[in-house]
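# Observations on chain architecture
Below are the chains, spelled out letter by letter.
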Amino acid sequence: MARLDLDGKEITPRTICLIGGGGFIGSHLCELLMAHTHHSAIVIDVSSEKITHLLEKTCSWTNRIEFHKINIKNDSRLETLIKSSDLTINLAAICTPADYNTRPLDTIYSNFLDAIPVVKYCAESNKRLIHFSTCEVYGKTIGSFLPPDHILRQDPNFYVLKEDLSPCVFGPVEKQRWSYACAKQMIERLIYAEGVEHGLKFTIIRPFNWIGPRMDFIPGIDGPTEGIPRVLACFSNNLLRGEPLKLVDGGKSQRTFCYIKDAIEAVLLMTRISQENPERANGQIFNVGNPNNEVTMKQLAELMIEIYGKISVDSSNLTTVDVSSKDFYGVGYDDSDKRIPDMTIINRQLGWNPKTPLQDLLEVTLTYQQQTYSQSIKKAMSNPTC
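Presented here is a report on the structure given in the accompanying data block. On a predicted model such as this, the values are computed, not experimentally measured, just so you know. (Residues numbered from 1 in each chain as written. Predicted model: local features only at pLDDT ≥ 70, side-chain atom pairs only at ≥ 80, totals over all residues. Heavy atoms only, no water.)

This part takes up the pairing of strand β12 (residues 284–288). Within β12, 5 of the 5 residues are buried, which leaves the element mostly enclosed by the surrounding structure. Residues Gln284, Phe286 and Val288 line one face of β12 and the alternating positions Ile285 and Asn287 line the opposite face, and both faces are buried. (Buried < 20%, exposed > 50% of the residue type's maximum accessible area, 1.4 Å probe, protein only. Helix = DSSP H or I, 4+ residues; strand = E, 2+ residues; numbered from the N terminus.)

Put into structure tokens, the structure is as follows:
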């Protein structure tokens, strides 16, 4: 049965190239595209592990999805695949905070230099680009430079982040934690310049901490033993191992968290709008997050301990412990105080708002983590030398 747009017109199926589409966000987006659209997907990544279930020959959409194992750094097939598609969504990135500090060159190459050919091929072939950036491009809030007890720290104008007004304020060069944010900001500026000078049709997404099943990795299970994933996976790893949850610098930083299922609905809207009513998405930068789900990292840890206690029998005596950012991430780490997205533009242009409260999305995510990893972790802990 044909799918119709809001005006009752038939939606023409398109071919969408998803670069980095085999990861956390890409896997959920591919699921949505296959189940709820007639579009075809060309998925490019170095691994298909998180989308294996979508590539089964028994799936009804088997002729609408194809996977190409490609490292976009040095594969000539990238140009052909982009130019044969109607729309490119670029999700490829190094986006783990521990890497920003310890692998700054790889971080800059991956998030800036490796993305340049993608932008170039889209511009040359007059193909639309949806590019995934990051909320980290905002850097530190203006309020963070005020004295701790200053009254303006409570003024939303000094900490709510707006796509078209908030400045991008980073730490000094020696704080290599900002390598990621700077690289992402530079590619945003390149994309914007291509739009102004050469007419590139683009949309930029700034995700604010999307979480849910299949995010990140668990060290020593499906990632490096010494690896440090992002905060929710770090806390999950501690919970699953019965270890204290580590609060970096006391867990004072504040973040907002958005459920992956809510977030990809926004991305799907962008693909639809770009086809049906392109002026509402073209040249736009969208914050995609949930300002209602704001917590300090200490509050997040305490909430995760509470929720984990309800879904696991191995949850007694769980607690937290403070660690310094230097000990946890190494020399050169820096951080922003809080990241709260302004939702005015995405609500006006797309009519999108997040729906899932923090408690609910943590219950879903922790249940998945416990069911997926608990036995593997028990086995690894019982054979520590294996």
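So much for the structure itself; the text now carries on.
With that settled, consider a nonpolar patch on the surface. Taken together, the side chains of Leu105, Ile108, Tyr109, Leu113 and Ile116 make up a nonpolar region of the molecular surface, amounting to roughly 400 Å² of accessible area. The element that contributes the greatest number of residues to the nonpolar patch is helix α4 (residues 104–111), accounting for 3 residues. On the secondary structure map, Leu105 appears in helix α4. Classification of Leu105 by relative accessible area gives exposed; the value is 54%. (Patch = residues over 30% accessible without salt bridge, like charges linked within 9 Å, V, L, I, M, F, W, Y side chains within 5 Å. Areas by Shrake-Rupley, 256 points an atom, 1.4 Å probe, with all protein chains shown as cover. Salt bridge = Lys/Arg side-chain N within 4 Å of Asp/Glu carboxyl O.)

All right, on to the nonpolar core then. Of all hydrophobic cores here, the largest spans 67 residues; its most connected members are Trp210, Met270, Val288, Ile346 and Leu362. Those residues in contact with Ile346 that sit more than four places away from it in its chain are Ala266, Met270, Phe286, Asn287, Val288, Gly351 and Trp352. (Core = buried A, V, L, I, M, F, W, Y, C linked by side-chain atoms within 4.5 Å. Contact = heavy atoms within 4.5 Å.)

Here we take up the side chain of Arg64. Along the polypeptide, Arg64 turns up in the loop between β2 (40–45) and β3 (65–69). For Arg64, which is buried and forms no salt bridge, the nearest opposite charge comes from Glu66, at a distance of 11 Å. A distance of 3.2 Å separates a polar side-chain atom of Arg64 from the backbone oxygen of Thr37. In this view, Arg64 contacts Leu33, Met34, Thr37, His38, His39, Ser40 and Ala41; residues no more than four positions away in its chain are not counted. (Lys, Arg positive; Asp, Glu negative; His and termini not counted. Polar contact = N/O pair within 3.5 Å; in protein donor to acceptor, adjacent residues only side chain to side chain.)

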